[in-house]
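Here's the letter readout for the chains.
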Amino acid sequence: MARALEIARAGGLRGEVPVGAVIVHEGAILAESHNRTLELCDPTAHAESVAIRAAARRLGDWRLSGCTLYITLEPCAQCAGAIVLARIPRVVYAASDPKSGMAGSLGNLVQDARLNHRVELVTGTLAPESAELLRGFFRARRGRGGPPV
């Protein structure tokens, strides 16, 4: 999770919402990304979605069995769906997202019994650090008259 926070900070310095994701396979980092929605002009370029795509390419398989995804913020509906589709068995996230989180806050798509894959969740790892990074980013954005968030 420490690496995911580093990546999130780097994204924040580029003007992206500071969320970082790291996918680990067999003890080694397979893929990592920060949010890239502004950079790519792509509303789907969330940190975990970009990392999932990169990990699948690197493994040569759309199934990310045996991987753990570390994310600094609870995944949204889009990313929770991608996690389920990629068959990622374990997700560790830092801060909860009461406004759009779909791994326990608004709903729990990644553990929905109606789906064919359910994820083991670990929550709260480095949550204070992640939450403060996000709060600081949005405070600074509002303070300088940036676009509404």
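Scroll up for the structure.
Reference entry: report on the structure contained in this document. (Residues numbered from 1 in each chain as written. Predicted model: local features only at pLDDT ≥ 70, side-chain atom pairs only at ≥ 80, totals over all residues. Heavy atoms only, no water.)

## Thoughts on the pairing of strand β4 (residues 90–95)
For β4, the tally of buried residues reaches five of six residues, placing the bulk of the element in the interior. Alignment of strand β3 (residues 67–73) against β4, held across five bridges, turns out to be parallel. Its bridge partner lying in β4, Tyr 70 is registered against Val 92. In this region the chain leaves β3, passes through helix α4 (residues 77–85) and returns to the parallel neighbour β4; the handedness of that crossover is right-handed. (Buried < 20%, exposed > 50% of the residue type's maximum accessible area, 1.4 Å probe, protein only. Helix = DSSP H or I, 4+ residues; strand = E, 2+ residues; numbered from the N terminus. Pairing = 2+ DSSP bridges. Right-handed = clockwise from strand over helix to strand, strands pointing away.)

## Considerations on unusual backbone geometry
Positive phi values are uncommon outside glycine, yet Glu 26 reaches one of about 50 degrees. Here Cys 41, not a glycine, exhibits a phi torsion of approximately 50 degrees, which is positive. Residue position: Cys 41 is located in the loop between α2 (37–40) and α3 (47–59).

## Examining the side chain of Glu 74
By the element assignment, Glu 74 lies in the loop between β3 and α4. Buried and without a salt bridge, Glu 74 has Lys 99 as its closest oppositely charged side chain, separated by 13 Å. Looking at Glu 74, its side chain comes within polar contact range of the main-chain nitrogen of Gly 104, at 3.1 Å. If we ignore the near neighbours within four places in the chain, the residues touching Glu 74 are Tyr 93, Ala 95, Ser 96, Asp 97, Gly 101, Met 102, Ala 103, Gly 104 and Ser 105. (Lys, Arg positive; Asp, Glu negative; His and termini not counted. Salt bridge = Lys/Arg side-chain N within 4 Å of Asp/Glu carboxyl O. Polar contact = N/O pair within 3.5 Å; in protein donor to acceptor, adjacent residues only side chain to side chain. Contact = heavy atoms within 4.5 Å.)

## With respect to the packing of α3 against α4
Following both chains from N to C, one finds α3 and α4 inclined at 25 degrees, their axes separated by 9 Å at the closest point. As the angle between them shows, α3 and α4 are arranged roughly parallel. Along this stretch, α3 crosses α4, giving a crossing that reads as left-handed. Judged by residue contacts, Glu 48, Ser 49 and Ile 52 of α3 engage Gln 78, Cys 79, Ala 82 and Ile 83 from α4. Here the residues of the contact of α3 with α4 sort into four nonpolar, two polar and one charged. (Axes fitted to C-alpha atoms, helices over the stretch in contact; angles between N-to-C directions. Parallel < 35°, antiparallel > 145°, perpendicular 65-115°, else oblique. Left-handed = near helix turned anticlockwise from the far one by under 90°. Nonpolar A, V, L, I, M, F, W, Y, C, P; charged D, E, K, R; others polar.)

## A few points about the sheet that holds β4
Overall, mixed pairing links the five strands, which are arranged β2-β1-β3-β4-β5 in an open sheet. With one partner strand each, in any of the chains shown, β2 (28–34) and β5 (120–123) form the two edges of the open sheet. Going from strand to strand, the sheet's axes swing by 15 degrees on average, the running direction of each strand aside. Sheet analysis places β4 next to β5, joined by four bridges and oriented parallel. Counted as the bridge partner of Tyr 93 is Thr 123 from β5. Across the face of the sheet, helix α1 (residues 2–13) comes into contact with β1 (20–25), β2 and β3 while running at roughly 145 degrees to β1.

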